[in-house]
Amino acid sequence: MNILPLALLACIALHGETGGTLRLAIRSEPKTLDPLLVADEPSELVRYLTHAPLIRMNRPRQAPEPALAESWTISDAGRRVTLRLRRNVAFSDGSPFDAADVCHTFLRLPETNSPSAEPFHFAAGRLTCHAQGFTVILQFPAVLTGVERLFDAVPILSSRSSSKDRAGLGPFTIVENKAGAYIHLERNAHYWKRGADGRRLPYLHAVRLEMQRNRDLELIRFRRGELDLIHSLDAESFERLRAEAPGAVLNLGVSLDTEQLWFNQAPAAALPGYKKEWFRSTAFRLAVSDAIRRADMVSVVYRGHAAPAFGPVSPSNRNWVNAAARQPSAGPAAALARLEKAGFQKRGDILYDRAGNPVAFSLITNAGNKSRERLAAMVQQDLAAIGIRVTIAPLDFPSLIERIAKSFEYDACLLGLVFDDPDPNAQKNVWVSSAAQHQWNPSQKSPGTPWEAELDRLMQTVASSPDTGKRKQAFHRVQQIAAEQAPFVYLVHRNALAAVSPRLRHTEPAILRPQLLWNVEFLRIE
Amino acid sequence: MNATLLRALRIVCAAYLLTLAAAGFLAPFAAPFRYETQFRDAIDAPASPRHPLGTDSLGRDRFSRLLYATRTSLLLAPAAAFLSVLLAASLGSLAGWAGGWLERLLLASADLAVSVPWLFLLITLRAALPLDVSPLVSLLFTFALLGLLGWAGPARVVHSSVRQILASGYIRAAQARGVPPFRLLFRHTFPNLTPVLTAQFWTTVPAYLLAEANLGMLGLGVTEPLPSWGSLLRELQGQAFSLAHLTTHLWLLAPLFVVISVILSCRFVWAARIDPTKVSS
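Note that the structure is predicted; figures quoted are calculated from it, not measured.

(A) Spotlight on the overall build of chain B. Of the regular secondary structure elements, chain B holds 13 helices and 0 strands. Taken from N to C terminus, the helices and strands of chain B fall in the order α-α-α-α-α-α-α-α-α-α-α-α-α. Pairs at least 24 apart in sequence give 70% of the contacts found in chain B among residues at least 6 apart. Here chain B has roughly 13,700 Å² of accessible surface; of this, 71% comes from carbon and sulfur atoms.

(B) Inspection of the sheet that holds strand β7 (residues 135-139) of chain A at higher detail. Residues and elements named next belong to chain A. Spatially, β4-β5-β7-β6 is the arrangement adopted by the 4 strands of the open sheet, whose pairing is antiparallel. Two strands in the sheet have a free side with no partner beyond their single neighbour: β4 (69-75) and β6 (128-132). Sheet twist, expressed as the average angle between the axes of neighbouring strands with direction ignored, equals 15°.

(C) Looking closely at the side chain of B:S84. All names here are of chain B. By secondary structure assignment, the location of S84 is in helix α3 (residues 62-98). We classify S84 as buried; its relative accessible area is 0%. Among the polar contacts made by the side chain of S84, one reaches the main-chain carbonyl oxygen of G147 at a distance of 2.7 Å. Discounting chain neighbours no more than four positions away, the residues touching S84 are L146, G147, G150, W151 and Y208.

(D) Region of interest: empty space enclosed by the protein. All names here are of chain A. As enumerated under the stated definition, the model contains 7 cavities of 30 Å³ or more in all. A volume near 110 Å³ is recorded for the largest cavity. Lining the largest cavity we find 16 residues, and of these L33, V46, T50, H51 and I174 sit closest to its centre. Those elements that provide at least two residues to the lining of the largest cavity are α2 (41-50) and β8 (172-178). With 4 residues, the single largest contributor to the lining of the largest cavity is α2. Split into classes, the residues belonging to the lining of the largest cavity amount to 6 nonpolar, 6 polar and 4 charged. For the second largest cavity, the calculated volume is near 80 Å³. Lining the second largest cavity are L256, P312, V313, S314, N317, F419, D421, P422, D423, Q427 and F475. Across the lining of the second largest cavity, the residue classes tally to 6 nonpolar, 3 polar and 2 charged.

(E) Representation of the domain arrangement of chain A. Residue and element names in this part refer to chain A. Split into domains, chain A comes out as domain 1 (15-51 + 170-228 + 501-526), domain 2 (53-157) and domain 3 (258-495). When each unit is reduced to the centre of its C-alpha atoms, the spacing between domain 2 and domain 3 is 35 Å. Both faces combined, the contact of domain 2 with domain 3 buries some 720 Å², and carbon together with sulfur accounts for 50% of it. By the criterion of area lost to domain 3, the three top residues of domain 2 are V143, T145 and R149, representing 57% of everything that side buries. Between R149 and D421 there is a salt bridge, with the nearest N and O atoms lying 3.2 Å from each other. Joining domain 2 to domain 3, the criterion identifies 1 residue pair in polar contact (both at pLDDT 80 or more). When the residues that make up the side of domain 2 that touches domain 3 are grouped by side-chain class, the tally is 4 nonpolar, 2 polar and 2 charged.

(F) Examining the packing of aromatic side chains more closely. Residues and elements named next belong to chain A. Within this structure, the stated rule accounts for 28 aromatic pairs over all chains. When the centroid spacing of 5.1 Å and the interplanar angle of 55° are considered together, the rings of F106 and F151 count as tilted. Of this pair, F106 sits in helix α3 (residues 99-108) while F151 sits in the loop between α4 (147-150) and β8, and the two are 45 residues apart along the sequence. Accessibility assignment for this pair places F106 and F151 in one class, buried. A cation over a ring is seen here: R56 above Y48, with NZ or CZ 4.0 Å from the ring centre. Sitting above the plane of the Y203 ring, R524 keeps its charged end 3.7 Å from the centroid.

(G) Representation of the confidence of the model for chain B within the structure. When pLDDT is averaged across chain B, the result is 83; 89% of the residues are at 70 or more. Contacts for the low-pLDDT stretch residues 276-281 of chain B, under 50 throughout, to residues beyond four places or in other chains number 7 contacts.

(H) Highlighting the layout of surface pockets. Volume-wise, the second largest pocket comes out at about 610 Å³. Lining the second largest pocket are 26 residues, with A:Q380, A:A384, A:R389, A:V390 and B:E36 positioned closest to its centre. Of all the elements in the fold, those that place two or more residues in the lining of the second largest pocket are α11 (370-384) and β18 (389-395) of chain A together with α6 (135-149) of chain B. The biggest single contributor to the lining of the second largest pocket is α11(A), with 4 residues. Counted by class, the lining of the second largest pocket contains 13 nonpolar, 7 polar and 6 charged residues.

(I) Expanded view of the interface of chain A and chain B. If you look at the interface, chain A gives 37 residues, while chain B gives 29 residues. Carbon and sulfur atoms supply 53% of the area buried between chain A and chain B, which totals about 2,700 Å² over both sides. Among the residues of chain A in contact with chain B, A:R240, A:V300 and A:Q381 are the three that bury the most area, contributing 21% of the side total. Run the count over chain A and chain B and you get 4 salt bridges. Taken together, the connections running from chain A to chain B amount to 6 residue pairs in polar contact (both at pLDDT 80 or more). If you list the elements that add at least two residues to the side of chain A that touches chain B, you get α5 (215-223), α6 (235-244), α9 (294-300), β17 (360-366), α11, β18 and α12 (397-407) of chain A.

(J) Local environment of the pattern of salt bridges. A full pass over the atoms with the stated rule returns 46 salt bridges over all chains. For the salt bridge of A:E218 with A:R27, the shortest nitrogen-to-oxygen distance reads 2.8 Å. Highlighted residues: A:E218 in helix α5 and A:R27 in the loop between β1 (21-26) and α2, separated in sequence by 191 residues. Among the ionic pairs, B:R156 bridges to B:D111, the shortest N-O distance being 2.6 Å. In this pair, B:R156 is assigned in helix α7 (residues 152-166) and B:D111 in helix α4 (residues 100-115), connecting sequence segments 45 residues apart. Using a relative accessible area of 35% as the deciding quantity, one classes B:R156 as partly exposed.

(K) Molecular detail of a nonpolar patch on the surface. Together, B:L256, B:I260 and B:L264 make up a nonpolar patch on the protein surface, roughly 250 Å² of accessible area in all. Along the polypeptide, B:I260 turns up in helix α12 (residues 254-274).

(L) Geometry of the state of the cysteines. Residues and elements named next belong to chain A. Taken as a whole and assessed by the stated rule, the structure comprises 1 disulfide over all chains. A sulfur-sulfur distance of 2.0 Å marks the disulfide that ties C103 to C129. Here C103 and C129 share a disulfide; its torsion about the S-S bond, -75°, makes the bridge left-handed. Highlighted residues: C103 in helix α3 and C129 in strand β6, separated in sequence by 26 residues. Exposure class is identical for C103 and C129. Each is buried.

(M) Broad picture of α11(A). Residues and elements named next belong to chain A. Taking 1.5 Å of rise per residue, 15 residues should cover 21 Å, and α11 covers 21 Å from first to last C-alpha, within 8% of that figure. Within α11, 12 of the 15 residues are buried, which leaves the element mostly enclosed by the surrounding structure. When we look at burial in α11, the residues that qualify are S371, R372, E373, R374, L375, A376, A377, M378, V379, Q380, D382 and L383. One side-chain oxygen of the residue at the start of α11 lies 3.2 Å from the amide nitrogen of S371, identifying that residue as N369.

(N) Structural context of the pairing of β6(A). Residue and element names in this part refer to chain A. Pairing between β6 and β7: 5 bridges, direction antiparallel. Bridge assignment links H130 to a residue of β7, and that residue is I137. Here β6 hands over to β7 after 2 residues, with G133 in that stretch at a positive phi of 60°.

Thresholds applied
- Residues numbered from 1 in each chain as written.
- Chains lettered and ligands numbered in written order.
- Predicted model: local features only at pLDDT ≥ 70, side-chain atom pairs only at ≥ 80, totals over all residues.
- Heavy atoms only, no water.
- Helix = DSSP H or I, 4+ residues; strand = E, 2+ residues; numbered from the N terminus.
- Contact = heavy atoms within 4.5 Å.
- Areas by Shrake-Rupley, 256 points an atom, 1.4 Å probe, with all protein chains shown as cover.
- Pairing = 2+ DSSP bridges.
- Axes fitted to C-alpha atoms, helices over the stretch in contact; angles between N-to-C directions.
- Buried < 20%, exposed > 50% of the residue type's maximum accessible area, 1.4 Å probe, protein only.
- Polar contact = N/O pair within 3.5 Å; in protein donor to acceptor, adjacent residues only side chain to side chain.
- 1 Å grid on protein atoms, 1.4 Å probe; cavity = no way out; pocket = protein on both sides within 12 Å on 5 of 7 lines; lining within 4 Å.
- Points joined across faces, edges and corners; volume = space filled by probe spheres on them.
- Nonpolar A, V, L, I, M, F, W, Y, C, P; charged D, E, K, R; others polar.
- Domains from an automatic or database assignment.
- Buried area = accessible area lost by both parts, 1.4 Å probe.
- Salt bridge = Lys/Arg side-chain N within 4 Å of Asp/Glu carboxyl O.
- Phe/Tyr/Trp six-rings, centres within 6.5 Å; stacked < 30°, edge-to-face > 60°.
- Lys NZ or Arg CZ within 6 Å of the ring centre and 35° of its normal.
- pLDDT = per-residue confidence, 0-100.
- Patch = residues over 30% accessible without salt bridge, like charges linked within 9 Å, V, L, I, M, F, W, Y side chains within 5 Å.
- Disulfide = S-S within 2.5 Å.
- Expected span 1.5 Å × (residues − 1).

Below, the structure is given as structure tokens:
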């Protein structure tokens, strides 16, 4: 008679420790659930929760650590990786994991078009994979520097499971996906990782990702206790929430992300000749950069929760930032002097080019993003001071992407870039002239300018040199060129701000995504 | 409510509307600052003698922006509503009066217009619009679109009213006396449509004000830095965070107060004119 209540209490206590559902919002529908095709943030989050790589990046330490591979060695100057796999690991559907799954996954990569697969696309030759029991040897046709970091974005898929991409090795598995409403994930009963107490992880019973496009509503729901955490809180909401519940907000410091504007320099763009000439003029771009008051942007738009940006690398990325290349803007007077030297002339309130055309351009950004709309309004006012008229055109995101990636029907664009890895390899697809994210003039067949040709060479060194010193030297030069040529006019590096419910325990916030969920298997809800 | 009180209310509302319109149209002289001037050292400042309604998140004077927005919205939302009602009056009357295949065609067009997903059409139209159009042109384009696209609902109401009027005894009597069709339409039918058209007009104005605010989310409508009531109302969206915050920052509600008071005033002015006895009910 006395045993039953004790057993019940034990069950309740156990359930309190290991159960619970973590609820958070995603701002758009994941574009794919195929883990190899991931290119957007919500899909990436789902992949992180449902799949596992061979080597995982420890977010706070920013260093690789064993995941499905117990250990690894890199040889042949970075061309060969030998991995020893964990034994007794099973996919979420119970099918066993072995070396064949690793080869199956890596051999799919060259045929896959996604950012995480891109480093494994080689100009000549193909990667080969040799499976020997629980040892895998991956041989690449070219040197892949920092290859273990690249593995973080490569989820291992089952070669024999009938449920294909749905069978994962991550801590959770999708049990319900209601389009436009939510994705419900439950703990993977076969998850391989165990806690310090010997229990099979994760501790949480479920994770519920709820679709919530409206950030204000997301905040209201957090305050009501309907959501347990918010990633990427905007500065205004952060300040208000801090005033109300100081313990609920987290300032993780300056992120690696950048907000920048650029001018359309694509030769195929249907722009008037005089505009193309302005946008290709280094003096014009540098003058625009000089006229923008970044410190005001930090204080007005981000309430101090950002750092002025003068280059592609955040000051928090101490290993790779070139401090000498971070030149603060010289101000509107210097901007005007630079423009006059380049043949522009300010008469009254309007700046004219050499041919007498008034200098005016449109600036597109994504509609609905308050911070970007405010940044654009500040750019508009700052450039008005040197006589440049800016028309702001907020566009819905698909229209914006269509213009910057396909039709090239725009003058200038204000957008951000998100970086998950401090290693400069993460920026390869921005600086290489043939890359699609070389936004000012993407997908070039051959570099259009000598400095872009130099960027290509430097990024090749960054991507392939096994010598860290050489890589650093090359990437410092990349930052120097970025400062001298200003293809991107960098504005700010915003802080990573988050809100977390006091019910959620064992969070270990990190700047890198997913900031509060990188150790999701250890999280508990009280 | 007796007739004297109603008349007084009507005069007060009319005076309020006129004052507001005058303030709006004289905004360049009446506003203490330009609507786009940013006081970056005074963002989200509370109400003060310098900034009677405080400043917004970019440090712009809210009072000045409200005055300029009044000029924009007080002119354009009624103009767009007028355009819609004019189209509705023309097409709805024609359908009701002509009957037969023309009636079926026009009513089918109205049904089609109601069922078209306008949001996607507007996004497509925005994509087709040059990016460097000035905020004023973008604004005119938006309200013109709203005016042109909003005819279908009122047209159906007008059509059924015209059918009702044409079936009435006095029209039949006029027809029997040999009154020509056009005289029948312009002399005997249109004057009797006035209350219906007016009601459609006053219900369309606030709908367009809100539509303009929502279109801002798509990059249509008023673009920075030009203010409109819609864009000022949109700023309130972020303030929904906390009721306590709003109660201590009542000046943030000024645009909402202005929009509601204008709509109510318009209705009082009109309702009192057409039927004093119904206003109190």
